[in-house]
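One-letter residues, chain by chain:
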Amino acid sequence: MGTPAWEALSRHHDDVAGAHLRDLFAQDPSRAREMVVDAADLHLDLSKHRATRETLRLLVEVAEAAGLRERIDAMFAGERINTTEDRAVLHTALRLPRDARLVVDGQDVVADVHEVLDRMASFADAVRGGSWTGATGQRIRTVVNIGIGGSDLGPVMAYEALKHVSDRDLTCRFVSNIDPTDVHESTRDLDPATTLFVVASKTFTTLETLTNARLARAWLVEGLQERHGLSPEDAQAAVAQHFVAVSTAAEKVADFGIDPQNMYGFWDWVGGRYSYASAVGLSLMVAIGPTAFREMLDGFHAMDEHFRTAPFDANAPVLLGLLDVWYTDLFGAETHAVLPYSQYLHRFPAYLQQLTMESNGKSVRLDGSPVRAATGEVWWGEPGTNGQHAFYQLLHQGTRIVPADFIGFVEPVQPLADPEGGAADVHDLFMSNYFAQTAALAFGKTAEEVAADGTDPAVVPHKVMPGNRPTTSILAQRLTPSVLGQLVALYEHTTFVQGVVWGIDSFDQWGVELGKTMARQLVPALTGEAGLDEHDPSTAALVARYRAGRGRV
Ligand SMILES: O=P(O)(O)OC[C@H]1O[C@H](O)[C@H](O)[C@@H](O)[C@@H]1O
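Residues numbered from 1 in each chain as written. Predicted model: local features only at pLDDT ≥ 70, side-chain atom pairs only at ≥ 80, totals over all residues.

A. Quick peek at the overall build of the protein chain. A count of helices and strands for the protein chain gives 22 helices and 13 strands. For 553 residues, the compact-globule estimate of 2.2 N^0.38 gives 24 Å, and the C-alpha radius of gyration of the protein chain, at 26 Å, lies within 12% of that figure. On the principal axes, the C-alpha backbone points of the protein chain span a range of 80 × 65 × 60 Å. For the protein chain, buried positions account for 44% of its 553 residues. In the protein chain, once contacts between residues fewer than 6 apart in sequence are set aside, the share between residues at least 24 apart is 74%. (Helix = DSSP H or I, 4+ residues; strand = E, 2+ residues; numbered from the N terminus. Rg over C-alpha atoms; globule rule 2.2 N^0.38 Å. Buried ≥ 20, exposed ≤ 12 C-beta atoms within 10 Å, placed from the backbone. Contact = placed C-beta atoms within 7 Å.)

Encoded structure:
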């Protein structure tokens, strides 16, 4: 921003902003072949963007002027690019192969990573194979992950995405919300003797997680006594067999009463929202097994290498990140839809919300000065085809520009039976929607075309499909563990690219702190132990109403 490269991009925007995708394709039909990128096993079609090859060239110049090359190198080398927390940003080290070496502060982090992965694998194998049992000697049937934010969204998203490769004799559940109904509903039909809890918290201070872990521990100890006749002492001792922890804070884990032997560590250079390739993925590893987990890490690594080494003009995360900047800052786009054509990816948009919005929802630059352009986008989405029957109307005919990512797979992961016995199987019926929607969004239907269908003239304007709505199509052969890793790394690096252009720290999250502090301070006001005078009038009135409703006037 403010650089000659940015000025050139702005001028170019004036030239292309008015062009319709129909015209862009008429002028340059080869864009369908040439505005594509292949990254590891992902094929990305960028041709349905309101951009030309010249746009991409100018965007790359913006990235170069912003120092993207240096920032990428600094991140991969373990420099402390998260300046406000004075930390390295090394989630990419979590996926380095065993024979790699990366020394940070005199320590080979690759050796550390693989030491933890090996311990996780032994544990996962023991649970899966039945040699790790609960206190009554029964094998574990349910793994309950207790965590929130990055300690929840990654594992739950990936578990749902890879359910088809998981051990179906085991079930994972995920408890995150401090709303006590969450832990209640997640445990009410479980047998404590066959339940294992994974308490995942980077800091091991998060109120939600520690509260839920305490509730779960009480449920376990009580249930083992009542349902299995254990003595209070034996039930208490059983916590060691039914609780493991994932954290960077060994002492706090021990204080909670979890045996440090049952703790799987990671490091402060892994941000919460970048952490599920670390020990935070323990519940996932138990579900899908160490081999599939390692395949997923290899997929992450393949995309890391693509990002690190591909020239910017053929670099998927670079181009996607820059196109997001293009729409956010030059077209005024405020939201970004992610629409996976895979029911298994139904939690992927929620996962991306934390990744992108916690990373890039910032309004000051690294040096503390105000940002010079709009940052961040509101990310949202649902799987197709469900969304088509709900919110696509706005995408097709609304007045807003909503860049959208369509993610689809050539092969289904479930065997198909075609109820009709025709040439098209159900996956074809499903995927025809994936292809149709981006075409309809790009090219629309003109008034002439609508009228030619014999439409009542009064209704013609209502049926016109304006088109010119930008989409990225991401196509992969099959939703494998590796492809999931590639997809996640793609978006991680896309997020980083945007942050570099905006000049912000994409790795801190100071904005979440104030609300947490105020919540803690408000507790005595809710119980009636403290007065309401020190609170603002609106909050005081609301709390008074709450108190009255709970009989605490
Ligand atoms: O893993 P934890 O330390 O429990 O943190 C859980 C989450 O809570 C915080 O409030 C942050 O906003 C998230 O980035 C983090 O993932």
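B. Focus on the UniProt feature "active site" (unreviewed entry) in the protein chain. Taking the numbering used here, the UniProt-annotated feature "active site" (unreviewed entry) corresponds to Glu358, His389 and Lys516. These annotated residues cover 159 residues of sequence, and their C-alpha atoms reach 37.0 Å apart at the extremes, leaving them scattered rather than at a single site. Mapped onto the secondary structure, His389 falls in the loop between strand 11 (378–380) and helix 16 (392–397). We classify His389 as exposed; it has 9 C-beta atoms within 10 Å. Mapped onto the fold, Lys516 is located in helix 21 (residues 513–527). (UniProt positions renumbered as here; feature names shortened; annotations may be inferred.)

C. The arrangement of the site of the ligand in detail. Neighbouring the ligand are 14 residues, the closest being Gly149, Gly150, Ser201, Thr206 and Gly272. Looking at the shell around the ligand residue by residue, the classes come out as 2 nonpolar, 9 polar and 3 charged. (Near = placed C-beta within 6 Å. Nonpolar A, V, L, I, M, F, W, Y, C, P; charged D, E, K, R; others polar.)

D. Region of interest: the nonpolar core. Core analysis: the biggest nonpolar cluster contains 147 residues, and Ala63, Val198 and Leu322 have the highest contact counts within it. With 13 residues, helix 13 (residues 282–309) is the single largest residue contributor to this core. Lining this core are residues from two domains, each supplying at least three of them: domain 1 (4–81 + 296–502) and domain 2 (91–292). What Ala63 contacts, discounting residues up to four positions off in sequence, is Leu68, Phe312, Val318, Leu322, Val497 and Val501. (Core = buried A, V, L, I, M, F, W, Y, C linked by C-beta atoms within 7 Å. Domains from an automatic or database assignment.)

E. Representation of the sheet that holds strand 12 (residues 404–409) in the model. Read from one edge of the open sheet, 6 strands run 1-2-13-12-10-11, paired in mixed fashion. Strands with a single pairing partner mark the edges of an open sheet, and in this sheet they are strand 1 (36–39) and strand 11. Put simply, the sheet's adjacent strands are angled 15 degrees from each other on average, direction ignored. As paired strands, strand 12 and strand 13 (residues 471–476) are joined by 6 bridges and run parallel to one another. Bridged to Phe409 within strand 13 is Ala476. Each of strand 1, strand 2 (42–45), strand 10 (335–340) and strand 13 touches helix 14 (residues 316–330); the most contacted strand, strand 1, lies at about 135 degrees to it. (Pairing = 2+ DSSP bridges. Axes fitted to C-alpha atoms, helices over the stretch in contact; angles between N-to-C directions.)

F. Geometry of the domain arrangement of the protein chain. Once the domains are mapped, the protein chain shows domain 1 (4–81 + 296–502), domain 2 (91–292) and domain 3 (510–550). Relative placement of domain 1 and domain 2: their C-alpha centres are 34 Å apart. Listed as interface residues are 24 residues of domain 1 and, on the opposing side, 25 residues of domain 2. Broken down by secondary-structure element, the contributors of at least two residues to the side of domain 1 that touches domain 2 are helix 13, helix 15 (348–360) and helix 20 (481–502). Counted by class, the side of domain 1 that touches domain 2 contains 14 nonpolar, 6 polar and 4 charged residues.

G. Structural detail: the packing of helix 8 (residues 180–187) against helix 9 (residues 207–228). Between helix 8 and helix 9, the least distance of the axes is 10 Å, while the angle of their chain directions is 35 degrees. Crossing of helix 8 against helix 9: the hand is right-handed. Residues Pro180, Val183 and Thr187 of helix 8 pack against Asn212, Leu215, Ala216 and Trp219 of helix 9. Classifying every residue of the contact of helix 8 with helix 9 gives 5 nonpolar, 2 polar and no charged. (Left-handed = near helix turned anticlockwise from the far one by under 90°.)

H. Representation of the environment of Leu46. Its location among the elements puts Leu46 in the loop between strand 2 and helix 4 (53–65). Between the alpha carbons of Leu46 and Ala316 there is a distance of 9.6 Å; along the sequence they are 270 residues apart. Look past the residues within four positions of Leu46 in its chain and what remains in contact with it is Met35, Val36, Val37, Leu319 and Thr472.

I. Molecular detail of helix 7 (residues 153–161). Of all 9 residues in helix 7, 8 are buried; the element is thus mostly enclosed. Every buried residue belonging to helix 7 is among Leu153, Gly154, Pro155, Val156, Met157, Ala158, Tyr159 and Ala161, and all of these are buried. Of the surrounding secondary structure, the elements contacted by the buried residues of helix 7 are strand 5 (142–146), strand 6 (171–175), helix 13, helix 15 and helix 20.

J. The arrangement of unusual backbone geometry in detail. A cis amide bond, omega 5 degrees, links Gly384 with the succeeding residue Thr385. Considering the arrangement of structural elements, one finds Thr385 in the loop between strand 11 and helix 16. Phi angles above zero are rare outside glycine, and Asp86 is one such case at about 50 degrees. Despite not being glycine, Phe204 shows a phi value in the positive range, around 55 degrees.

K. Structural detail: helix 15. Taking 1.5 Å of rise per residue, the 13 residues of helix 15 would be expected to cover 18 Å, and the 18 Å separating its terminal C-alpha atoms lies within 8% of that figure. Across the 13 residues of helix 15, 10 count as buried, placing the element largely inside the fold. Of the residues making up helix 15, those classed as buried are Phe348, Pro349, Tyr351, Leu352, Gln354, Leu355, Thr356, Glu358, Ser359 and Asn360. Looking at the packing, one finds that the buried side of helix 15 touches helix 7, strand 10, strand 11 and helix 20. (Expected span 1.5 Å × (residues − 1).)

L. Structural context of the pairing of strand 13. Of all 6 residues making up strand 13, 5 are buried, and the element is well covered by its neighbours. Alignment of strand 2 against strand 13, held across 3 bridges, turns out to be antiparallel. When the bridges of strand 13 are listed, His43 appears paired with Leu475.

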